[in-house]
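The residues making up each chain are set out below.
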Amino acid sequence: MHILSTNIINYKKIRVRVINFISKNKGIIVPFLFILFYVLFYFLIDFSTQSLVAHDEGLYARRARLIGSSDNWFSFPFPSPHHKTIGSYWFIALSIKLFGNSELALRLPSILASFLCLFSSYLIALKITNKKAALISLFSLSSMPLWIQYSRYASPDLPFVLSILLVILFFLKSLDTSHYIRKYTYILSSGLFISISFFIRSYMAFVPLIGLSPFFFYHLYSKENIFKITFFCGILIGSIPTCLNLYFSFQKFGIIGITSLFDFARKQAIGDFGFNNLLLIPFNFLYLTFPIGLLLVIILVFTKPNCVIKFPLLIYCYPILSLLILLSMSTSYPHYYLFLLPSLSILLAVHLTSISFRFNFSRLSISCFLLSFIIVIISIFLFIFLNHKGSITNYSYGNNLIVYIVFSFLLLSYITSIRFLYDIRKLSSNLINFFYNIVVPQYISLSLLFNFGILGNPNFNTKLFLRDKDVSSIISSNTIYLFGVDSKIQTLLSYYLPSSKVVKSFNEISKYKYLITSDINILDKINDKLLFKSIKKFDNQFLLMNIRK
């Protein structure tokens, strides 16, 4: 009995010590747990369920591997001039060098860049607003479908966004500090990342930089000359990799090695204006930023901030000017808008934390709009769940349990969020609770769906085909020739099968032992001549073996 009471006393002492330790170090422990939470959902990935998206991921992967294997980091190892700066492939090539040829190596630069973007965006929001708004902006950014998708995508888009965010962050830090050395270190770093952003994404860097130019000029105008000179010195130093790239391109291809870069930019920016694309932009905006974009539109219409906005040129002018430039371009893809998402999240946070209603009917209107939105989403979820169970099974690649858990989790979050819309008198504070109740489950759910290949995995059948026992034994020790293969599949096979070669003439195929084709007509001709027999089929592709070799 004495031993039992002693154990109870010791347990209570340990418990008190643990509670005291947590309460004293709450400022360290809470952020640590928060970061751990985000890291888990960024890296908890089943890479056996991942496949590259053609064309872009396959092209970036293949080109980056060529650059890495050539060990020439400033000159393209391609037979013709290239329309991008070589920095577009640096991070992927370096990752392949360190971790080998895998989806993890290809996507690791985007995963890391995305995580650093969230941290940088949080620090920028902290400079502009307060901790509460900065946290809202972080959750906003991390929950957007477009952001989650490209955080796991083999491309230079997220490293480019990180460069733009660092330009802004270091510029703000240079304005905020009075320490002499730090001030000039920050402004030098800001200029440095301006040039690095161009090296990573070439002409696309001009869009955010033009959008930022009023903010830059306004604050540089009142600064001393040494501050301005340091800023431009940073730009010059950062442009060294680009200059080396252009120099070697000129050495190898002549003047076309330089002009091809700007010709591509001109074609993208100037050309036939697509009104159909312009009409789709609002729908793409609502879908790719869901639900942040919708919340922002409702809040901007019915509310206004009741505090003094710091850096209005950065909060309002920068995204609006950049958006106008993107809309005026002849060609624009969703990932072109990625760099605007941090600004969108900060803008939402500013308005959500300092609400002042514009009209007498604003409170009721916001509640009605959001309630209608919730009812529509719940109805869509239930309709899909009840009427498309077969499709869910087909697209889940055997991960039905994860899909059902995610569906139930999201449905529950939308149902429980309705309670925050009843009390109209406290709507300003309830909107923040409503926001968290929606976006946190969405971040968790979409992350799981992407991490386990249920979303963002369009070429899983190609991976299954290559992992097939019979096929893998052949491709591991033989050269596979590609003839008449669909261009997207050819891009993927050129990466997954590094030794594969493309055959252009039908008359040459009789020389080769193993052939992959997707042209049924060609297959009939081959069968007529009794040259090949089919070993394996995936989708519309056929692996053939020459029976006369």
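Before any of the text, the structure's been laid out above.
Residues numbered from 1 in each chain as written. Predicted model: local features only at pLDDT ≥ 70, side-chain atom pairs only at ≥ 80, totals over all residues. Heavy atoms only, no water.

### Overview of the nonpolar core
Soluble globular proteins: nonpolar side chains tend toward being buried together. Judged by nonpolar contacts, the single largest core of 117 residues is most densely connected at Trp147, Leu314, Leu326, Phe339 and Phe435. Ignoring anything within four residues of it in the chain, the contact list for Phe339 reads Phe160, Val161, Met204, Val207, Pro208, Tyr318, Ser322 and Leu326. Counting 35 residues, the second-largest nonpolar core is a separate cluster that includes Ile67, Ile92, Ala154 and Leu543. (Core = buried A, V, L, I, M, F, W, Y, C linked by side-chain atoms within 4.5 Å. Buried < 20%, exposed > 50% of the residue type's maximum accessible area, 1.4 Å probe, protein only. Contact = heavy atoms within 4.5 Å.)

### A few points about empty space enclosed by the protein
Scanning the model with the defined rule gives 4 cavities of 30 Å³ or more in all. Approximately 120 Å³ is the volume found for the largest cavity. Every element with two or more residues in the lining of the largest cavity is listed here: α5 (103-128), α8 (157-176), α16 (312-328) and α17 (341-353). Ranked by residues supplied to the lining of the largest cavity, first place goes to α8 with 4 residues. (1 Å grid on protein atoms, 1.4 Å probe; cavity = no way out; pocket = protein on both sides within 12 Å on 5 of 7 lines; lining within 4 Å. Points joined across faces, edges and corners; volume = space filled by probe spheres on them. Helix = DSSP H or I, 4+ residues; strand = E, 2+ residues; numbered from the N terminus.)

### Quick word on the packing of α5 against α17
Between α5 and α17, the least distance of the axes is 10 Å, while the angle of their chain directions is 40°. Regarding the angle of α5 to α17, the classification is oblique. Judged by the twist between their axes, the crossing of α5 over α17 is right-handed. Mapping the contact onto sequence places Ser121, Ile124, Ala125 and Ile128 in α5 and Pro342, Ser345 and Ile346 in α17. Looking at the contact of α5 with α17 residue by residue, the classes come out as 5 nonpolar, 2 polar and no charged. (Axes fitted to C-alpha atoms, helices over the stretch in contact; angles between N-to-C directions. Parallel < 35°, antiparallel > 145°, perpendicular 65-115°, else oblique. Left-handed = near helix turned anticlockwise from the far one by under 90°. Nonpolar A, V, L, I, M, F, W, Y, C, P; charged D, E, K, R; others polar.)

### What about unusual backbone geometry?
Cis geometry is adopted by the peptide bond preceding Pro291, which originates at Phe290 and carries an omega value of -5°. By secondary structure assignment, the location of Pro291 is in the loop between α14 (275-288) and α15 (292-302). Even without being a glycine, Asp71 presents a positive backbone phi close to 55°. Positive phi, close to 50°, is recorded for Ser202, a residue that is not glycine. Positionally, Ser202 belongs in the loop between α9 (180-201) and α10 (206-221).

### Quick word on the side chain of Ser151
Its location among the elements puts Ser151 in the loop between α7 (145-150) and α8. On the basis of relative accessibility, which here comes to 1%, the residue Ser151 falls in the buried class. Beyond its immediate sequence surroundings of up to four residues, Ser151 is in contact with Tyr42, Ser110, Ile111, Ser114 and Leu158.

### Focus on α8
With 20 residues, α8 ought to run about 28 Å at 1.5 Å a step, and its terminal C-alpha atoms sit 29 Å apart, in line with that. Burial analysis of α8 places 17 of its 20 residues in the buried class, the great majority of the element. (Expected span 1.5 Å × (residues − 1).)

### Quick notes on the side chain of Ser163
Note on placement: Ser163 falls in helix α8. In this structure Ser163 comes out as buried when scored by relative accessible area, which is 4%.

### Let's talk about the pattern of salt bridges
On inspection of all chains with the given rule, the structure shows 6 salt bridges. Here Arg201 makes a salt bridge to Asp157, at a shortest N to O gap of 3.1 Å. With Arg201 in helix α9 and Asp157 in helix α8, this pair connects stretches of sequence that are 44 residues apart. For Arg201, a relative accessible area of 5% puts it in the buried group. (Salt bridge = Lys/Arg side-chain N within 4 Å of Asp/Glu carboxyl O.)

### Section: the environment of Leu324
Residue placement: Leu324 occurs in helix α16. Sequence separation of Leu324 and Val207 is 117 residues, and the distance between their C-alpha atoms is 9.5 Å.

### Comments concerning the layout of surface pockets
Empty space within the largest pocket amounts to approximately 1,200 Å³. Lining the largest pocket are 31 residues, and of these Tyr287, Phe381, Leu446, Leu449 and Leu455 sit closest to its centre. Counting only elements with at least two residues in the lining of the largest pocket, the list comes to α7, α14, α18 (362-387), α19 (389-395), α20 (400-417) and α21 (427-451). Residue classes in the lining of the largest pocket are distributed as 26 nonpolar, 5 polar and no charged. What lines the second largest pocket is a set of 27 residues, and nearest its centre among them are Phe285, Leu323, Tyr337, Leu340 and Leu344. Within the residue set of the lining of the second largest pocket, elements represented by two or more residues are α14, α15, α16 and α17. At 7 residues, α14 tops the list of elements feeding residues into the lining of the second largest pocket. Tallied by class, residues from the lining of the second largest pocket come to 22 nonpolar, 5 polar and no charged.

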